[in-house]
Amino acid sequence: AEADRDEDDRPGLPRVQGGLYMASNVANSCAVYNVLVKDPKAVVGHNGDLEHIRPLCGKPHMMRKNKLYWLTDKTPHESLPLNEETYRQFFRLVTSALSAWFPEHSTANRLGTVPDPSITEVIQGSKF
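About the criteria used
- Residues numbered from 1 in each chain as written.
- Predicted model: local features only at pLDDT ≥ 70, side-chain atom pairs only at ≥ 80, totals over all residues.
- Heavy atoms only, no water.
- Helix = DSSP H or I, 4+ residues; strand = E, 2+ residues; numbered from the N terminus.
- Buried < 20%, exposed > 50% of the residue type's maximum accessible area, 1.4 Å probe, protein only.
- Contact = heavy atoms within 4.5 Å.
- Areas by Shrake-Rupley, 256 points an atom, 1.4 Å probe, with all protein chains shown as cover.
- Pairing = 2+ DSSP bridges.
- Patch = residues over 30% accessible without salt bridge, like charges linked within 9 Å, V, L, I, M, F, W, Y side chains within 5 Å.
- Salt bridge = Lys/Arg side-chain N within 4 Å of Asp/Glu carboxyl O.

Peer 1: How should the overall build of the protein be read in this particular structure?
Peer 2: Across its full length, the protein holds 1 helix and 8 strands. The order of helices and strands in the protein, counted from the N terminus, is β-β-α-β-β-β-β-β-β. The buried share of the protein, reckoned over its 128 residues, is 21%. In the protein, once contacts between residues fewer than 6 apart in sequence are set aside, the share between residues at least 24 apart is 72%. When the accessible area of the protein is evaluated, it comes to approximately 9600 Å², of which 52% is carbon and sulfur surface.

Peer 1: Got a minute to help me understand the pairing of strand S1 (residues 20-24) in this structure?
Peer 2: Working note: regular strand, side chains alternate between the two faces of the sheet. In terms of burial, S1 is a largely internal element, 4 of the 5 residues being buried. Of the pairings in the sheet, the one linking S1 to strand S4 (residues 69-71) comprises 3 bridges and is antiparallel in character. If you follow Tyr 21 over to S4, its bridge partner there is Trp 70. Judged from the 5 bridges that link them, S1 and strand S6 (residues 90-94) form a sheet pairing that is antiparallel. Following the sheet pairing, Tyr 21 is matched in S6 by Leu 93.

Peer 1: What is the right way to look at the environment of Val 43 in this model?
Peer 2: Position of Val 43 among the secondary structure elements: in helix H1 (residues 40-43). The spatial distance from the C-alpha of Val 43 to the C-alpha of Ile 53 is 8.2 Å, given a sequence separation of 10 residues. In contact with Val 43, not counting residues within four places along its chain, are Val 37, Asp 49, Leu 50, His 52 and Ile 53.

Peer 1: Quick question: what am I supposed to make of the sheet that holds strand S5 (residues 77-79) here?
Peer 2: Sheet strands pair by backbone hydrogen bonding; their relative direction is either parallel or antiparallel. Reading across from one edge, S3-S2-S5 is the order of the 3 strands in this open sheet, with antiparallel pairing throughout. On the outer flanks of this sheet lie strand S3 (61-62) and S5, each paired with one strand and no other. By the bridge criterion, 2 bridges tie strand S2 (residues 30-32) to S3 in an arrangement that is antiparallel. Its bridge partner being in S3, Val 32 is matched across the sheet by His 61.

Peer 1: Any chance you could explain a nonpolar patch on the surface here in plain terms?
Peer 2: A cluster of nonpolar side chains, contributed by Leu 68, Phe 91 and Leu 93, occupies part of the molecular surface with about 290 Å² of accessible area. Topologically, Leu 68 is positioned in the loop between S3 and S4. Judged by its relative accessible area of 51%, Leu 68 falls in the exposed class.

Peer 1: Teacher, can you tell me more about the pattern of salt bridges here?
Peer 2: Applying the stated criterion to the full structure yields 3 salt bridges. Residue Lys 41 is joined to Glu 121 by a salt bridge in which the shortest nitrogen-to-oxygen separation is 3.2 Å. Remark: Glu 121 occurs in strand S8 (residues 121-122) and Lys 41 occurs in helix H1; sequence separation between them is 80 residues. Each of Glu 51, Arg 54 and Glu 78 takes part in a single network of salt bridges with overlapping partners.

Below, the structure is given as structure tokens:
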């Protein structure tokens, strides 16, 4: 039956695996770039800084309000200053298979699950 088909049986459709999900209730408060940083260790600066490659990233996609976005942790994204003071709700769910993880900025998994050190670099300290 059609309902029993797996995404692998649907050629041409993207497969969403790992990465992160983000949403905000305020439009234009986050930007995402249509770029994939293939070798973060060679490009990414201290605490995720990519300012030095901003000119290479092209025009940002401004996130719409109340829409869920999926991206990899190798996809440049940023929070933006708001035009006026407002109450903002922001959601970010980080999943598996990350290139870097900052435990100080994450809620520990209550079951004790931690990133796989063979694929994820655990970076101690604050990003801010």
